[in-house]
Amino acid sequence: MSYVEEVYANLQEKHVNEPEFLEAAKRVLDTIAPAVAENEEKYRSVSLLERLVEPERIVTFRVPWVDDAGKTQVNLGYRVQFNSAIGPYKGGLRFDKTVNQSVLKFLGFEQIFKNSLTGLPIGGGKGGSDFNPKGRSDAEVMRFCQSFMTELYKYIGANEDVPAGDMGVGGREIGYLYGQYKRITNLYEGVLTGKGLSFGGSLARPEATGYGLVYITDEMVKGAGKELKDKVIVVSGSGNVAQYAIQKAEQLGAKVVTCSDRNGYIYDPDGIKFDVVCEIKQQHRASLAEYVEKVPTAQFFPGEQPWGVKCDIALPCATQNEINGAAAKKLINNGCWCVAEGANMPSDADAIDAYEEARKANGFLYMPGKAANAGGVATSALEMSQNSERLSWTFEEVDSKLQGIMAGIYAKVAEAAGRYSDKDDFVTGANIAGFLKVADAMVAQGNV
Ligand code: NDP
Ligand code: 2IT
């Protein structure tokens, strides 16, 4: 058995009830094997991989809060502090009923390599709760956030662990969390990112994940001698990442014809209207079914996903495992030649096998989430820099840094792909380029 196989076998035995985490760990371990082999003796002697796959710390706590009817509700809260070799733990908080330790460990593990790829000094972490914000009033969300932070504040800090948003956590939740942190600690510090502009947030952070996704897609498409202009794009999701991916893709001359939510998907042959999606999702917090009331030429397909729609490029921006093998084949058979992931791990193992087959046959382009959606966390790190120097940069300054970072990630990923596999094997490229920096720092810092 090779070193990576041994480590995975032990992990599988130990965490048999954590399927999402095991899936993420297996994918990374399988693809970094050639880089591990180059240094196997060294890595084995310091148990590098055995340490890499276990979080430095996980905190779990109960979150009691009182709903509008006066009843006490109890949720679970978590923070997975996975790896601090290259910087303070950094990663989002997810509030969704599907949250559990396995999901947060998978997200935290991915975050280590994503954050490394940005080139900025941020370690990997993730947290959240099984709290379901759907249908809750503002006052309920505030009370929940205050209770959550009343426990979490003990474990975080501007130089220790800096959470941000993820699914179900946007500007509103970050505001309530920040207020409670400040009240308890008396500190006005950059302990959270994605803050409002009036209290230390960065311009362009809300846009950053979606914009960054389109910037790196543009790089990848250009690298293959093509262009984004006039291409038809299918987007899933209609939250933070999807909204700004739609806006930037349209600004660059592509046409986005779908977006989706838990209720179904919208097909708008004239191009999805960014303003309408934002109004429904940011202001009304409602179902996308409303879209057809405002744009009668569009169609709503309840309970369905958009992967059967003919397109050039697919940008999955909703959730993990939203594209299975059959969906991936449908995309490819309909002429799709490029997938870039706005969500974390939206393609399951069978889907990735289908992309890989298409890559070898016809140069299918696939950029995995840890590279493609790194623009959000990279801009969070830029928010941390602004907070530290107590200055605010202009939108143009942040956006131009984001573009540079995404171009840099593409270059790093393509370089590692060419060195360790085929030049367009961006899965291997992203995992190895992310891994090498973390491995180097872990070896240098000794057995901690
Ligand atoms: P939001 O909560 O803003 O939006 C999530 C969107 O996905 C919503 O439209 C939601 O539908 C939809 N969705 C969620 N679960 C499902 C499901 N099971 N089936 C169908 N649709 C679903 O989250 P974000 O946009 O922030 O996050 C989306 C993805 O991007 C996540 O994987 C997240 O981890 C990842 N990501 C986010 C970053 C960020 O900066 N926010 C950075 C990097 C990655 P509905 O409207 O009905 O709830
Ligand atoms: O998955 C992610 O990279 C995020 N949710 C963003 C994390 C951050 O710290 O901005």
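Residues numbered from 1 in each chain as written. Chains lettered and ligands numbered in written order. Predicted model: local features only at pLDDT ≥ 70, side-chain atom pairs only at ≥ 80, totals over all residues. Heavy atoms only, no water.

J.: Could you give an account of the environment of Lys114, with specific residues and numbers?
T.: Looking at where Lys114 falls in the secondary structure, it is placed in helix α5 (residues 101-117). The spacing of Lys114 and Ala372 is 258 residues in sequence and 8.9 Å in space, taken between C-alpha atoms. With sequence-adjacent residues up to four places away left out, Lys114 is seen in contact with Asn344, Lys370, Asn373, Ala374 and Val377. (Helix = DSSP H or I, 4+ residues; strand = E, 2+ residues; numbered from the N terminus. Contact = heavy atoms within 4.5 Å.)

J.: So what's going on with the sheet that holds strand β12 (residues 365-367)? Residues and values would help.
T.: Read from one edge of the open sheet, seven strands run β9-β8-β7-β6-β10-β11-β12, paired in mixed fashion. Sheet topology places β9 (299-302) and β12 at the edges, where each strand pairs with a single neighbour. If you compare each strand with its neighbour and ignore which way they point, the axes differ by 15 degrees on average. Bridging between strand β7 (residues 255-261) and strand β8 (residues 264-267) involves four bridges; their strand directions are antiparallel. Bridge pairing in β8 links Ser260 to Tyr265. (Pairing = 2+ DSSP bridges. Axes fitted to C-alpha atoms, helices over the stretch in contact; angles between N-to-C directions.)

J.: Give a detailed account of the side chain of Thr258, specifying residues and quantitative values.
T.: As for its position among the elements, Thr258 is in strand β7. When its relative accessible area of 0% is taken as the criterion, Thr258 is described as buried. A distance of 2.9 Å separates the side chain of Thr258 from the backbone oxygen of Val235, its partner in a polar contact. When near neighbours in sequence (up to four residues on either side) are disregarded, Thr258 contacts Ile233, Val234, Val235, Tyr265, Ile266, Tyr267, Ile272, Pro306 and Val309. (Buried < 20%, exposed > 50% of the residue type's maximum accessible area, 1.4 Å probe, protein only. Polar contact = N/O pair within 3.5 Å; in protein donor to acceptor, adjacent residues only side chain to side chain.)

J.: So what about the site of ligand 1? Which residues, and what values?
T.: The environment of ligand 1 is made up of 24 residues, and the closest members are Lys134, Asp166, Thr209, Arg262 and Asn344. With respect to ligand 1, the side chain of Arg262 contributes an N or O atom lying 2.8 Å from an oxygen atom. Between ligand 1 and the protein, one listed contact pairs an oxygen atom with a side-chain N or O atom of Asn344 at 2.8 Å. Burial of ligand 1 by the surrounding chains reaches 84%, relative to a free accessible area of 900 Å². Broken down by secondary-structure element, the contributors of at least two residues to the shell around ligand 1 are α8 (205-223), α9 (240-251) and β7. Taken together, the residues of the shell around ligand 1 sort by class into five nonpolar, 11 polar and eight charged. (Near = heavy atom within 4 Å. Areas by Shrake-Rupley, 256 points an atom, 1.4 Å probe, with all protein chains shown as cover. Nonpolar A, V, L, I, M, F, W, Y, C, P; charged D, E, K, R; others polar.)

J.: Just give me the short version of the site of ligand 2, but keep the residues and values in it.
T.: Lys90, Lys114, Asp166, Arg205 and Ser380 are the nearest of the 14 residues found near ligand 2. A distance of 3.0 Å separates an oxygen atom of ligand 2 from a polar side-chain atom of Gln111. Separating an oxygen atom of ligand 2 from a side-chain N or O atom of Arg205 is a distance of 2.9 Å. Contact with the protein chains covers 94% of the free accessible surface of ligand 2, which is 300 Å². Among the secondary structure elements, those contributing two or more residues to the shell around ligand 2 are β3 (89-95), α5, β5 (161-165) and α15 (374-389). A breakdown of the residues in the shell around ligand 2 according to their chemical character gives two nonpolar, seven polar and five charged.

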